[in-house]
Amino acid sequence: PESLLDAAAKRVAGSWAFERVEGRFQRIPEPVQRRIVYWSFPRSERQICMYSSFQPGRAAAASPASAAA
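These lines cover the structure that appears in this document, whether it is placed above or below.

Thresholds, definitions, all that
- Residues numbered from 1 in each chain as written.
- Predicted model: local features only at pLDDT ≥ 70, side-chain atom pairs only at ≥ 80, totals over all residues.
- Heavy atoms only, no water.
- Helix = DSSP H or I, 4+ residues; strand = E, 2+ residues; numbered from the N terminus.
- Buried < 20%, exposed > 50% of the residue type's maximum accessible area, 1.4 Å probe, protein only.
- Areas by Shrake-Rupley, 256 points an atom, 1.4 Å probe, with all protein chains shown as cover.
- 1 Å grid on protein atoms, 1.4 Å probe; cavity = no way out; pocket = protein on both sides within 12 Å on 5 of 7 lines; lining within 4 Å.
- Points joined across faces, edges and corners; volume = space filled by probe spheres on them.
- Phe/Tyr/Trp six-rings, centres within 6.5 Å; stacked < 30°, edge-to-face > 60°.
- Lys NZ or Arg CZ within 6 Å of the ring centre and 35° of its normal.
- Axes fitted to C-alpha atoms, helices over the stretch in contact; angles between N-to-C directions.
- Parallel < 35°, antiparallel > 145°, perpendicular 65-115°, else oblique.
- Left-handed = near helix turned anticlockwise from the far one by under 90°.
- Contact = heavy atoms within 4.5 Å.
- Nonpolar A, V, L, I, M, F, W, Y, C, P; charged D, E, K, R; others polar.
- Core = buried A, V, L, I, M, F, W, Y, C linked by side-chain atoms within 4.5 Å.

This next bit is on the overall build of the protein chain. When its secondary structure is counted, the protein chain shows six helices and zero strands. In the protein chain, the succession of α and β elements from N to C terminus is α-α-α-α-α-α. A total of 69 residues make up the protein chain; the buried ones form 12% of that total. Just so you have it, the protein chain exposes about 5,900 Å², and 58% of that area is on carbon and sulfur atoms.

Okay, structure coming up:
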């Protein structure tokens, strides 16, 4: 079963950006901060690709070996 800390952190991370949480509340205990940050990261490969500069199929083009050629 999921802990209360994880359930709450997951709910906060799904609703608010961590920067907003950090700016709004004065003192957030370290374990709570870590769990919110953990749940803030995307879980699926599709979301990771959407929110990062990584694009499937372009890894070969961005490799140092191809840049030197």
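On we go.
What follows deals with the layout of surface pockets. One number sums up the size of the largest pocket: a volume of about 190 Å³. In terms of lining, the largest pocket is formed by 12 residues, of which the most central are Ala13, Trp39, Ser40, Phe41 and Pro42. Of all the secondary structure elements, the ones that give two or more residues to the lining of the largest pocket are α1 (4-15), α2 (18-24), α3 (30-40) and α4 (45-51). Counting residues per element, the lining of the largest pocket draws most heavily on α3, which supplies three residues.

Quick look at the packing of aromatic side chains now. Under the defined criterion, the tally for this structure stands at two aromatic pairs. Each ring, one from Trp16 and one from Phe25, has its centre 5.8 Å from the other, and the planes form 10°; the classification is stacked. Consider the rings of Tyr38 and Trp39, whose centres lie 5.0 Å apart with planes at 85°: the pair is edge-to-face. Note that Arg20 overlies the ring of Trp16, its terminal NZ or CZ placed 5.4 Å from the centroid. When the ring centre of Tyr38 is taken as reference, the NZ or CZ atom of Arg35 above it lies at 4.5 Å.

Another point: the packing of α1 against α3. Here α1 crosses α3 at 55°, and the two axes come no closer than 8 Å. Here α1 lies oblique to α3, going by the angle between them. Both α1 and α3 take part in a crossing whose hand is right-handed. Of α3, the residues touching α1 (which contributes Leu5, Asp6, Ala9, Lys10, Val12 and Ala13) are Pro31, Val32, Arg35, Ile36, Trp39 and Ser40. Of the residues assigned to the contact of α1 with α3, the class counts are eight nonpolar, one polar and three charged.

The subject of this paragraph is the nonpolar core. Of all hydrophobic cores here, the largest spans six residues; its members are Ala9, Ala13, Phe18, Val21, Ile28 and Ile36. Among the elements of the structure, α1 and α2 are those that each provide at least two residues to this core. If near-sequence neighbours (up to four positions away) are discounted, Val21 is found in contact with Val12, Trp16, Ile28 and Ile36.

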